[in-house]
Amino acid sequence: MKIVFFGTPEYVLPVLEQIHKKIKGKIGSPIVGVVTQSPKPVGREKKITFSPVDAWAHKRKVPIYYKSSDLTKDKVDADLGVLAAYGEIIPGTVIKSFKYGILNLHPSLLPLFRGASPVQGAIASGADQTGVTIIRLDEKLDHGPILSQFKEDVLPEDTTDSLRTRLFARGADVLVELLEPYTKGKITPRGQDHKKATSTTLVKKAHGFIPPQYLASTLEGKSVKEDWQISFIKDFSLTLSAESIHNFIRSMSSWPGAWSHIRLSEGQSKRLKILKAHPEDGKLILDEVQLEGKNPVSWEEFKTGYPNATFAEE
């Protein structure tokens, strides 16, 4: 079997590794190419940085492509595509160029949380369970028929990083087990219930913002009679509570981090990152914070340094 892998971040490497080690190719690895996002300038020095999938392929002398359309242009000979967090839409002409299509490993219980931020969506929404769905790609976003799906508990201490790592590790195991029966026609994909679909967008820096009045209220255990619109989940709002803000903080932990504005003195407000917190007896307890331009400190240390600081609406 000859496979092209579509993916970019480090957390999808277990999928690539499992295919590389456990699926037989005609000569050695079945991976005949990877498609990944192109190198980008990173950090203040704008150092050109290659994606983890790019680095993996370069080390093993696997051909690397930065546009999926180059596969058809170069007439890459492959039976199947496997996609995991690639970050771009695949044209229909590319999908159809594979004898067995492209399989997409998506970290949610589709049709829930389609789109770019399914793990953040599951944690922020307070879901007790999420999972992984392996679909056959079509031309619509996370819309194709389902080959396999399994559930995974969302643990109280889970962050986006920990849950996503676990989902892709388990998903890799499931994927390699179904490739042979799928290509032999022993698996019949089933359609999704599109009426139950929910969707997410790519999380941006602004999405980590918590209105300061929400923090002020939940720190004191006061009830707030308004819903909080979560902008990266379409048509979704949270009932405001210490628990829901804690879930949101966990969902934002890797990027961009949950943050708010805090008033240090009259006329002076700064951005404050909420690094760790927990709910307790109906109140939100802040554990670790970071004022812009400063190092992380405990909330108690912060209050000692800024005794008059308050969360207040701008």
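Because the structure is a prediction, the values reported are computed rather than measured. (Residues numbered from 1 in each chain as written. Predicted model: local features only at pLDDT ≥ 70, side-chain atom pairs only at ≥ 80, totals over all residues. Heavy atoms only, no water.)

A.B. asks: Help me understand unusual backbone geometry in this model?
C.D. replies: Note on backbone geometry: most residues besides glycine have negative phi, and most peptide bonds are trans. The amide bond that connects Leu110 to the next residue, Pro111, takes the cis arrangement and shows omega of 15 degrees. Residue position: Pro111 is located in the loop between strand E7 (102-106) and strand E8 (114-115). Here the residue pair Trp255 and Pro256 is connected by a cis peptide bond, since its omega of 0 degrees sits within 30 degrees of zero. Locating Pro256 in the fold gives a position in the loop between helix H8 (242-251) and strand E14 (258-265). Here Lys46, not a glycine, exhibits a phi torsion of approximately 55 degrees, which is positive. Its location among the elements puts Lys46 in the loop between strand E3 (40-42) and strand E4 (47-49). (Helix = DSSP H or I, 4+ residues; strand = E, 2+ residues; numbered from the N terminus.)

A.B. asks: Before we go on, may I ask you to explain the sheet that holds strand E15 (residues 268-280) in this structure?
C.D. replies: Paired through backbone hydrogen bonds, the strands of a sheet run either parallel or antiparallel to each other. One open sheet accounts for four strands, arranged E14-E15-E16-E17; its pairing is antiparallel. Unpaired on one side and paired on the other, E14 and strand E17 (297-298) mark the two borders of the sheet. Two strands pair when backbone bridges link them, and E14 and E15 are joined in this way by seven bridges, in the antiparallel orientation. Each bridged residue has a counterpart across the sheet, and for Arg263 the counterpart in E15 is Ser269. The sheet contacts of helix H7 (residues 212-219) involve E14, E15 and strand E16 (283-291), and relative to E16 the element is tilted by about 130 degrees. Seen against the sheet, H8 touches E14, E15 and E16 and runs at an angle of roughly 110 degrees to E15. (Pairing = 2+ DSSP bridges. Contact = heavy atoms within 4.5 Å. Axes fitted to C-alpha atoms, helices over the stretch in contact; angles between N-to-C directions.)

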